[in-house]
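Chain residues, written in single-letter form:
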Amino acid sequence: MTTRPLLLSLSLPLLLGATAVPAQTAPPAATAPATELQQMLAEVSAQRIEARIRKLVGFGTRHTLSDIASDTRGIGAARRWITAELNACAKASGGRLRVEEQSFIEPAGRRVPQPTELVNVVATLPGQGASKGRYLVVSGHYDSRNSDVMDSLGEAPGANDDASGTAAVMELACVMARHADRLPFDATLVFLAVPGEEQGLLGAAQWARDARAQGLNVEGMITNDIIGSSRGDAGQHDPRRLRLFADGLDPLLRLLMQGQANRAPSEVDARTVAALQAELMPLVQAGGGEDLPTQQFGRHLKAAAEAALSGFTVQLIQRRDRYLRGGDHLPFLERGYAAVRFTEPFENFAHQHQNPRVDCDDGSQHPLSETPRCPGGKVYGDLPEFVDFGYVADVTRANLAGLATLAWAPAPPRGVQLDARDLGNDTTLEWTASSDPEVVGYRVVWRDTDAATWQQSRDVGAVTRVTLPISKDNVVFGVQALSRKGYASLASFPLPRR
């Protein structure tokens, strides 16, 4: 999906009748990033990101159950440093960024042997528009682990998993807060550094649980997890590609199946299951299984990143995550929120979840502190020397492009329907007019049924009903709201009107 400049008169009246619009035969042209976006992208610093990753590694271990009293080692020291860094950025932003530590008690469980206090570090940049109740959340987890997930004492540097994601989120918070006075964001942005990911997605689950209980409108959530290397274990190298896992259907079906069998997970109560069934199942039943909010969010992030970063490719993968793995977006998906995961193009498992060491040809293993190391030995461990800091900076820019353009956009149209009452080769779409004064028009997008992203579009003006000379049987449609600033909302999938 790409977007095109908004070519609408700001005084165009609202038309309530159907408007026939000729089909567009070419994909929509890309909108050049706004000056503000270009400036923010340029300010993202690989040097700051490197310094923060090395600082986090310097705490020795950030295991969720590690020392919380020390000022130099363990998760407590790491958390206090993250908070201090974000507070410094908040001060530099004139107080627009609000930083707080949100603590909670995690009960004893499979990877938490006794009730333990955990702390989410939350930096919020409040929205300034009519749709400030929309929340866009981006996270990285600041805990780490080694080969033994329960080893809270051993070295666990966690440079890539996930100091890289934490550093990216910190950079996003600081850069975007500095620019919020020039062109305020309509939506509210939340930057999360969470613990407990390696012990069961604990910090993210707590925040998602609270968000649902408070009725927050989380329009989209991104987790950045293992975004530090563009090299694979077989020598692959592609610093211009990033994987984006985006699938809202699989978690929904799993949850609803469990709920129907009266086996809803304790993490998600029956009311949430019922709400998800009411909100999302109509889309699935209407053939929109590939057009749930998560898929729409993924399409937006891909289009925005590729428009902003020349030659950069976001590989959109319609899966919830990699096989046998999971990330902090999953608790959001399980509560019906659109949530996705950014991760590097390849993975080198010698540098994930490993005790730092050198394995020698003779079968012996040696700590990295031993010198000299055996010649030709294989180095294991999640170390800074295996992180490409320039690549992390580009991943940060990909996040920024998607978040900023969506935060400047309005909410998606509501009540979108496709008129399916009569046979015909045209398509009539209708929707409810937005009450947001920033909305000045709408865009219809469509794609072939076997295409992953939007291929064509038509700006239709400030109307609430439009007829296109395209068969509704052959393509998938969506409708976006367009803002005065020229940004498009996420697409809404039309339910059939029968």
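Scroll up to find the structure this text is about.
Residues numbered from 1 in each chain as written. Predicted model: local features only at pLDDT ≥ 70, side-chain atom pairs only at ≥ 80, totals over all residues. Heavy atoms only, no water.

**Some remarks on the overall build of the protein**
The test is simple: Numbering of helices and strands runs from the N terminus, with a helix taken as a DSSP run of H or I at least four residues long and a strand as a DSSP run of E at least two residues long. In this description the radius of gyration comes from C-alpha coordinates, and the expected globular size is given by 2.2 Å times residues to the power 0.38. A simple rule labels every residue: compare its accessible area, found with a 1.4 Å probe on the protein chains alone, to the largest value its type can have, and call it buried under 20%, exposed over 50%, or partly exposed in between. Each accessible area is a Shrake-Rupley estimate made with a 1.4 Å probe; only the visible protein chains count as cover when residues are assessed.
Looking only at helices and strands, the protein features 10 helices and 19 strands. Relative to the globule expectation of 23 Å for 498 residues, the C-alpha radius of gyration of the protein, 23 Å, shows essentially globular dimensions. The principal-axis extent of the C-alpha atoms belonging to the protein is close to 75 × 50 × 45 Å. The 498 residues of the protein split such that 59% are buried. Carbon and sulfur atoms form 50% of the exposed surface of the protein, whose accessible area is close to 20,100 Å².

**With respect to the side chain of Thr188**
The condition is simple: As used in this structure description, the phrase polar contact means that two N or O atoms lie within 3.5 Å; if the pair is within protein, one of them must be able to donate a hydrogen and the other to accept it, and residues adjacent in sequence are counted only when both atoms belong to side chains. Contacts are assigned to residue pairs with any non-hydrogen atoms lying within 4.5 Å of each other.
Locating Thr188 in the fold gives a position in strand β5 (residues 188–194). There is a polar contact of 2.9 Å between the side chain of Thr188 and the backbone nitrogen of Gly127. Sequence-distant contacts of Thr188, defined by excluding residues within four places in its chain, comprise Thr124, Leu125, Pro126, Gly127, Lys132, Arg134, Tyr135 and Leu136.

**Examining the packing of helix α2 (residues 46–57) against helix α4 (residues 159–179)**
Worth spelling out the cut-off: The axes are straight lines fitted to the C-alpha atoms, using for helices just the contacting stretch, and the angles between their N-to-C directions are given from 0 to 180°. Our angle categories are set so that under 35 degrees counts as roughly parallel, over 145 as roughly antiparallel, 65 to 115 as roughly perpendicular, and the remainder as oblique. Should the near helix be turned counterclockwise from the far one by less than a right angle, the crossing is left-handed, whereas a clockwise turn marks it as right-handed. Residues are grouped as follows: Ala, Val, Leu, Ile, Met, Phe, Trp, Tyr, Cys and Pro are nonpolar; Asp, Glu, Lys and Arg are charged; all remaining types, including Gly, are polar.
At a minimum axis distance of 9 Å, the contact between α2 and α4 shows a crossing angle of 135°. With respect to each other, α2 and α4 are oriented oblique. Where α2 crosses over α4, the handedness of that crossing is right-handed. Counting all contacts with α2, which are made through Arg48, Ile49, Arg52, Ile53, Leu56 and Val57, the residues of α4 involved are Ala159, Ala163, Ser164, Thr166, Ala167, Met170, Glu171, Cys174, Val175 and Arg178. Among the residues making up the contact of α2 with α4, the classes are represented as 10 nonpolar, two polar and four charged.

**Re the packing of aromatic side chains**
Our working rule: To pair, rings of Phe, Tyr and Trp, with the six-membered ring standing in for Trp, must have centres within 6.5 Å; the planes then decide the type, stacked if under 30 degrees apart, edge-to-face if over 60, and tilted in the middle. Counting as a charge over the ring demands two things of the Lys NZ or Arg CZ atom: a distance within 6 Å of the ring centre and an angle within 35 degrees of the ring normal.
Tallied over the full model, the rule gives seven aromatic pairs. An angle of 55° between the planes, with centres 5.3 Å apart, marks the rings of Trp431 and Tyr442 as tilted. Taken together, the positions of Trp431 in strand β14 (residues 427–432) and Tyr442 in strand β15 (residues 439–448) put the pair 11 residues apart, joining distant regions of the chain. Here Trp431 matches Tyr442 in class, with each residue buried. Among the aromatic residues, those joined into a cluster by ring pairs are Phe185, Trp408 and Tyr487. In this arrangement the basic side chain of Arg212 is found over the ring face of Tyr337, its NZ or CZ atom lying 4.8 Å from the centre. The ring of Trp454 has Arg447 sitting right over it, with the charged end atom 4.8 Å from the ring centre.

**Topic: helix α8 (residues 293–308)**
Put simply, the rule is: Here a helix's expected span is defined as the number of its residues, less one, multiplied by 1.5 Å.
Over its 16 residues, α8 extends 22 Å from the first C-alpha to the last, a length consistent with the 22 Å expected when each residue adds 1.5 Å. Most of α8 is tucked away: 13 of the 16 residues are buried.

**So, the environment of Val416**
Topologically, Val416 is positioned in strand β13 (residues 414–419). For Val416, a relative accessible area of 6% translates into the label buried. Along the backbone, Val416 and Ala452 are 36 residues apart, and their C-alpha atoms lie at a distance of 21 Å. Among residues more than four places away in sequence, those in contact with Val416 are Glu430, Trp431, Val479, Ser492, Phe493, Pro494 and Leu495.

**Concerning the pattern of salt bridges**
Heads up, the condition is: Within this document, salt bridges are pairs made up of a side-chain nitrogen of Lys or Arg and a carboxyl oxygen of Asp or Glu, the two lying within 4 Å of each other.
Inspection of every chain in the model, using the stated rule, returns 31 salt bridges. Its salt-bridge partner being Arg80, residue Asp71 comes within 3.8 Å of it at the nearest N-O pair. Linking Asp291 and Arg447 is a salt bridge whose minimum nitrogen-to-oxygen distance equals 2.9 Å. Here Asp291 is found in the loop between α7 (270–285) and α8, whereas its partner Arg447 is found in strand β15, with 156 residues between them in sequence. Accessibility expressed as a relative area gives 3% for Asp291, which makes it buried.

**Considering unusual backbone geometry**
A cis amide bond links Asp161 with the next residue in sequence, Asp162, at an omega value of 5°. Looking at where Asp162 falls in the secondary structure, it is placed in helix α4. At Leu201, a residue that is not glycine, the phi angle is positive and equals roughly 60°. Looking at where Leu201 falls in the secondary structure, it is placed in the loop between β5 and α5 (202–214). A positive phi angle, near 65°, is found at Ile226, a position not held by glycine. Considering the arrangement of structural elements, one finds Ile226 in the loop between β6 (217–224) and β7 (241–245).

**Regarding the state of the cysteines**
Filter applied, for reference: The term disulfide is used for any two cysteine sulfur atoms that are within 2.5 Å.
Under the definition given, this model contains two disulfides. In this model, Cys360 is linked to Cys374 through a disulfide, with the two sulfur atoms separated by 1.9 Å. Here Cys360 and Cys374 share a disulfide; its torsion about the S-S bond, -95°, makes the bridge left-handed. Within this pair, whereas Cys360 is found in the loop between β10 (357–359) and β11 (365–366), its partner Cys374 is found in the loop between β11 and β12 (378–380), the two being separated by 14 residues in sequence. In the protein, the bonded cysteines, taken in the order they occur along the sequence, pair up as 1-2, 3-4.

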